[in-house]
Amino acid sequence: MNKILEKEFFSPQVFRMKVEAPEIARKRKAGQFVIIRVSDAGERIPLTIADANASEGWIELVVQAVGKTTTDLSKLSPGDSLHDLAGPLGRPTHIEKHGTVLMVGGGIGIAPAHPIAQAMKAAGNTVVSILGGRSKELVIMEEKMKAASDEVIIVTDDGSYGMKGMVTDAIQKLIDEGRKIDLVIAIGPPVMMKFVSLLTKKYDIHTLVSLNTIMIDGTGMCGGCRVSVGNESKFVCVDGPEFDGHLVNFDEMMQRLSMYRDQEKESIDHACKLGLR
Amino acid sequence: MEKKELTNKERLAIPPQKMPEQGPKERIGNVNEVPYGFTEEMAVAEAERCLQCKNAPCIKGCPVEVNIPVFIKFIAERKFREAVAVIKETNVLPAVCGRVCPQEEQCQKPCTVGKSLKSVDKAVQIGKLERFVADWEMNQAGSESPSIKPSTGKKIAVIGCGPAGITVAADCRRAGHEVTIFEALHKPGGVLAYGIPEFRLPKKIVGREVDNLVSMGVELRTNMVIGKIYTIEELMAEGYEAVFVGTGAGLPMFLNIPGENLNGVYSANEYLTRANLMQAYSFPNTDTPIARASNVAVFGGGNVAMDSARTALRLGAKNVYLVYRRSHEEMPARKEEIHHAEEEGVQMNLLQNPVRFIGDDKGWVKAVECLRMELGEPDDSGRRRPVPIKGSEFTIDVDVCIVAIGNASNPLIPHTTPDIQTNKWGNIIADPETLKTTKKGVFAGGDIVLGAATVILAMGQGRKAAQAINEYLATGAW
Ligand code: FES
């Protein structure tokens, strides 16, 4: 049983959760994810590991309550347990010295960007981080990212905090200033990763993106997580979750993410009708 | 009271008993099991058909060598408990095997009764009798656990709680070893849980068998993806002296034709896992969705293709087309499964092969383009090779497609255990008799070794592996 140790809301929908998981905490590396279920009738969903502490035996997840499962998860309190937790899954980020690494985190994507920034910095890279959100409250973990980076740039859609605009505007600005960037790692909403990749492709800057697709097993058995990468089908759970952003077919991936949109709504409505929320 | 022994002639005159089952119209509206099973009377009558041949050709046809004539004799004498005990000496999953084994290819094929009556369909229905006694036992209060030898203090790790792993766990536990099963999914059973549909194998039966293991003292750890949370090396460092790898089928194969990543195109593994393991047929009472469809095309001709097609019907499809590139005769599925599928209204689109999926403007599959085929010369498998007929393209309107053309092997364990050798298909190389891999202390069996096999073949390997493991732990000799 994986007990929830702490829960904190960053905004009405975005929260972080510390979960007891000593074996996973010991083993996980930056870039990996877990699969959880909240109840016996629950769906299996992948969540990226935002942080972990091997000696204290916990991992941290940062979640946005959007669907049925993430909403159910947001209702759990410290002392409750996750019904199921499996991991760490996926391949870890390949950490080496590149020079300057630009970390781009959008929304809850900032959370999984954090351990990668930490590891990249520890490997001797200069880490510049761009944190983006729709508004100030959605720019999370600023202090932690500052500690893991040499420089942090904040961007909000509405200008309520930092620079007004998109993360791509901030990247463009760095490029225009003549900053040398050796690697970009972008984690966030698919559409953000798509536009970051389009931009960096123009300047031929190697870019990795971390994909979060629909999954079931997370072990390569079902193929539900497949994406097209450079005209090849890849399984995000075993081949990823990180891929070359210049090769990913984002439009197809976004389409696949919307596969159950109507049923997701039905699932939530059904729970409401039963008075489950 | 002495009952008069029947003569062989009298035995041969008893008609094969017909197992009652749900009618096709009714059953596609539910997920309940199709055949109801024999009544006691039917089982006894069927058992009386057995000639008790001295040479027992049936036993040689069984991958785990169940002592068939003896258990059947007990049924004829209404000694059902004794009958189950005989089966369980060599087969830990009789309720499962009675349902899903291809008996017509195995024990029933060489049956003398079938031979005398000139039809394998008239052989003694060994599988149905096995199912009958296994089910009988489940309905009795307090079935006894098999006896377990005193603890040896030695630890064995079994990776994967499918048919192979369950067999190894049971046989090694009986020998007195401490056994831990590591299962990647949240539920035990492997393909019995995620793959084979409820209407062919009720999940409560699988649950019962696994409970039995646990009550024998086998430790079961779910949600443990070995290769990730622990490597095999790490397990051995933790004190597991022997490891059995039974991780099963791996990556689903796709057709590699345009449009395969459109919404609504599934691998059979995914479709069946959503329906069975995740119980999508109860959605929205359960949380996992599955695409609803009126017109479904399934590609493939094996048992998994039949399971997918019949699942699609139960999920409400109006038309289910089974698209197979060869003819009826070459279909690898069991006759009984094909028959059930046809009875339920699955349409057999034979000698057809898909060439591309066509999507709508929202990225959903709306049609599949196929080519007609004809049979040419026999290929390596001995079956006549299907050859496309030029210019025969046509389309089928569909809203869901299911690709059921097999699996490639899963690289998770071989990748993290470089000293376990694999063949060119990525399957683990294991000695056919001892199931030893190239790494000392590590054994492997089931689909990860065989590619695509059956439940019973996986169990057969599990038995051999358990024997070899018990021997290895006793002698230390590799
Ligand atoms: S989630 Fe099933 S193969 Fe990736």
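Residues and elements named next belong to chain A. On the basis of which strands lie adjacent, the open sheet formed by seven strands has the order 6-1-2-5-4-3-7 and antiparallel pairing. Pairing within the sheet leaves two strands with one partner each, and these edge strands are strand 6 (81–82) and strand 7 (84–89). Two strands pair when backbone bridges link them, and strand 2 (residues 14–20) and strand 5 (residues 58–64) are joined in this way by seven bridges, in the antiparallel orientation. The partner of E20 across the bridge, within strand 5, is W58. Against the sheet, helix 3 (residues 110–122) engages strand 4 (45–53) and strand 5, with an angle of about 45 degrees to strand 4.

On to the confidence of the model for chain B, then. With 99% of its residues at a pLDDT of 70 or more, chain B shows a mean pLDDT of 92. Predicted as a complex, the structure gets a pTM of 0.92 and an ipTM equal to 0.93.

All names here are of chain B. The final tally for this structure, using the stated rule, is zero disulfides over all chains. The thiol sulfur of C370 is not disulfide-bonded, and the nearest other cysteine sulfur, from C401, lies at 8.5 Å. For C370, a relative accessible area of 0% puts it in the buried group.

Here we come to the nonpolar core. Side chains of nonpolar character tend, in soluble globular proteins, to be buried together. Judged by nonpolar contacts, the single largest core of 117 residues is most densely connected at I59(A), L73(A), F71(B) and V245(B). In terms of residue count, the dominant contributor to this core is helix 19 (residues 455–475) of chain B (ten residues). In contact with V245(B), other than residues within four places in its own chain, are I159(B), I232(B), I413(B), I428(B), V442(B), F443(B), A444(B), G445(B) and I448(B). Counting 56 residues, the second largest nonpolar core, distinct from the first, contains I171(A), L251(B), V398(B) and V403(B).

So, on to the side chain of R99(B). Residues and elements named next belong to chain B. Secondary-structure assignment places R99 in helix 7 (residues 94–100). Side chain to side chain, R99 and E33 meet in a polar contact 2.6 Å long. A polar contact of 2.8 Å, which involves the side chain of R99, links it to the side chain of D135. For R99, the residues in contact, after removing those within four places along its chain, are E33, R131, D135, R200, L201, P202, I205 and R334.

All names here are of chain B. Reading across the sheet, the five strands line up as 5-13-6-7-8 and stay open at both edges, with parallel pairing between neighbours. Pairing within the sheet leaves two strands with one partner each, and these edge strands are strand 5 (265–267) and strand 8 (347–350). Pairs of neighbouring strands in the sheet enclose a mean axial angle of 20 degrees, with direction left out of account. Where strand 5 lies against strand 13 (residues 400–403), three bridges are found, and the strand directions are parallel. Note that in strand 13 the partner of S267 across the bridge is V403. Sheet strands touched by helix 14 (residues 268–275): strand 5 and strand 13. Its angle to strand 5, the strand with the most contacts, is close to 85 degrees.

What counts, and at which threshold
Residues numbered from 1 in each chain as written. Chains lettered and ligands numbered in written order. Predicted model: local features only at pLDDT ≥ 70, side-chain atom pairs only at ≥ 80, totals over all residues. Heavy atoms only, no water. Pairing = 2+ DSSP bridges. Helix = DSSP H or I, 4+ residues; strand = E, 2+ residues; numbered from the N terminus. Contact = heavy atoms within 4.5 Å. Axes fitted to C-alpha atoms, helices over the stretch in contact; angles between N-to-C directions. pLDDT = per-residue confidence, 0-100. Disulfide = S-S within 2.5 Å. Buried < 20%, exposed > 50% of the residue type's maximum accessible area, 1.4 Å probe, protein only. Core = buried A, V, L, I, M, F, W, Y, C linked by side-chain atoms within 4.5 Å. Polar contact = N/O pair within 3.5 Å; in protein donor to acceptor, adjacent residues only side chain to side chain.

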